[in-house]
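Observations on chain architecture
These are the residues of each chain, in order.
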Amino acid sequence: MNRAQIQQNLQVILKNMPADWLNLTTHRLDIYEESLAKTQFLEHFKNLVESGKINSEGLKQLPTAYDYIRLGHPLSSVLEWAIAELNNLPFDQVISFSSKTAPILAVLRKNLFLHKKTQIVYSEDISDFFGAELIREVYGYEFELLKASSNESLPDYKGSRIFISSANSFDQPKLSFSIDFAVSIHGDLGSVIQIIGAKNTSYISEIQHVRRRETIAMTPANCFTALEYLAGNSSSLTSPTRDPKIKDSVLESIANITGTDSKPLVASSGLSIQYAIMMGLVHDAMEKHPGKEIKFIVPPNCYGGTNDQARRVAACLDQVEIVDLPVDAGNDMNQSLERILGELAQKDAVPYIIAEIPTNPRVEVPDLQRLKEVLSASRQTKNGETAIEPVFILDQTFCPNVQFLPEGETLSVVPAISYASGSKFPSGGECTAGYCVANLKAENLMDKIALHLALCDNEATAQQYEILARQLPSMNQRIQDAYVNTREFVNFIQGQLPSAKINFVSEELAERGFTPSVFSLDLPTKGKTEEEREAYKRALNLKLINKMITEIPDESKFCVSYGQLKGCYWTVPATSTQGTTKEGDKDYIVRASVSHNIDLERHKQVFKDFAEKL
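This text gives an overview of the structure that appears in the document. What you see is a predicted model; the values in this text were computed from it and never measured.

With respect to helix 1 (residues 3-16)
With 14 residues, helix 1 should cover 20 Å at 1.5 Å per step; its first-to-last C-alpha distance of 20 Å lies within 8% of that length. Among the residues of helix 1, those classed as buried are Ile6, Asn9, Leu10, Ile13 and Leu14. Axial view of helix 1: buried residues confined to an arc of 135°, hence all on one face. Counted as exposed and oriented over 90 degrees from the buried face of helix 1: Ala4, Gln8 and Lys15. Residues of helix 1 that are buried in the fold lie against helix 2 (20-23), helix 3 (39-51), helix 4 (56-60), helix 5 (74-86) and helix 9 (220-230). N-capping of helix 1 is provided by Asn2, with a side-chain oxygen placed 3.2 Å from the backbone N of Ala4.

Quick look at the sheet that holds strand 1 (residues 94-97)
Hydrogen bonding along the main chain pairs the strands of a sheet, whether they run parallel or antiparallel. Across the sheet, which stays open at both edges, the 6 strands sit in the order 1-6-5-4-2-3 with mixed pairing between neighbours. Looking along the sheet, the strands with just one partner apiece sit at the ends: strand 1 and strand 3 (144-147). The sheet shows a mean angle of 20° between the axes of neighbouring strands, direction not considered. Pairing between strand 2 (residues 118-122) and strand 4 (residues 160-165): 5 bridges, direction parallel. Its bridge partner being in strand 4, Gln119 is matched across the sheet by Arg161. The sheet contacts of helix 5 involve strand 1 and strand 6 (191-195), and relative to strand 1 the element is tilted by about 135°.

Points about the sheet that holds strand 15 (residues 518-522)
Within the open sheet, the 5 strands sit side by side as 14-15-18-17-16. Their pairing is mixed. The open sheet has two free edges, formed respectively by strand 14 (501-503) and strand 16 (556-558), since each of these has just one partner strand. The sheet shows a mean angle of 25° between the axes of neighbouring strands, direction not considered. Those strands touched by helix 17 (residues 475-496) are strand 14, strand 15, strand 17 (568-571) and strand 18 (590-594), and its axis lies near 15° from that of strand 15.

The rules behind these values
- Residues numbered from 1 in each chain as written.
- Predicted model: local features only at pLDDT ≥ 70, side-chain atom pairs only at ≥ 80, totals over all residues.
- Heavy atoms only, no water.
- Helix = DSSP H or I, 4+ residues; strand = E, 2+ residues; numbered from the N terminus.
- Expected span 1.5 Å × (residues − 1).
- Buried < 20%, exposed > 50% of the residue type's maximum accessible area, 1.4 Å probe, protein only.
- Arc of directions from axis to C-beta.
- Contact = heavy atoms within 4.5 Å.
- Polar contact = N/O pair within 3.5 Å; in protein donor to acceptor, adjacent residues only side chain to side chain.
- Pairing = 2+ DSSP bridges.
- Axes fitted to C-alpha atoms, helices over the stretch in contact; angles between N-to-C directions.

Structure, rendered in structure tokens:
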């Protein structure tokens, strides 16, 4: 396909694309196969393009590209297809990022495990976004930097050679030397990496996984801008810059909601801010406790992204290790923490705790007074010295309205950082941005976290700030209204199906402010063996979800999210949010997320029909 044909097709696609391609953060799982992420979408898309019959209905019927736009989405896939076509590459060898540095870090991470050298060649200064010294010292990545013009002759390199360009183009650079990866920088839009040659295709999945866990794909809005440029509809590749007034209003809203005084940080996603927290704390420990082991204490069945990212960080650094923290399904978070912190004190290790309150997906809240006592207890090393104080990193995505950090509250007794995925209640599901705040004891850690947020180029985009500025002021009211609907739905389900186990907060916890609008449902099962019972339950999970989404298609959706502005979202954590969790730690239960705007009576009727036919 030549450039003119690509432009012509893009013009038709952009004119006819579904509005959801630009506006939704989460997509349908009933037309999605995770093992074929992007591939299945683009194969059907290519067939549509080659048929010459691109229209709104045809584009709407395409399978889901990715379940969640942090990983990728229809517009990033179309952009990558177009760039691949322009450069005669297979479409899976082009990957777009919101971050300028992340694709480079992805190659460096892969080469760390391969013990392979990396040369980074650039023609223009990259120091404004590539912090070479920090990347070597904190991330442990090794590389050579070389400034060279495109027409310079360079000898072949025994290792991986990355060429970085900032030209206003998506064409592969014309060079007088061979390269393995071409990274083009496009200002606030982000970047694109082209993987050159069949010998480097093993990097594709690794680069995609970095995009999945440590950053995000180029956003739909920025992909749209890039596609408009490629289609010839626009002569500019620029995106809006962050408005200081809008940013300030977001920071003020977050501070008011969390009851904190430190300046919040806002990232492109919840995992982007978590990565900045983890690397910032690793950096801080390296400086304050040189030579000591760093232990991240993490629930093995928590949100899969949290779990996977933490283990990925530990895999790269010899002094960092993950310690499993059993928190639910019969385990008590406080007992587990007390035991683990005592063991780590004996080792004189640096303890960092990452935990969700309420827990995900079983929506359990520990005894908060006991948690306060466990965290504030003074511990001794085996030499009788005072042990290093733990830092509590709280994921409060399920209840971002609860104030944990102010003086006198549960987490005021130790250095604590709270973060939340803004793709849930803060934005009402309209963007992926996430944020974090610190209590008074952890204020000194925020500079390091900010440093690594900037290093990875993971700050929220201008559009993400705009969405948060619009949605945050109504967040707490939406949370309360959604909780009322959820409580009514949970009570109804319990009455209709008393043999089902429902995981939801108690009335007492709700009175204390824990008002989530997500619950999990262990459906009743049957069978002679454990295998038969498990198989029956898993089939029943899907039967319920399919019934809800089929009979209430405008409101009930099979997708991964929470805090959405309308309807009810259904998923099975084991096959969605826990995708990279160890099999034995997965939860094969139904998780439902109820919004403040829902036809609850219709949902009750459909569930009643389901229960009566069991």
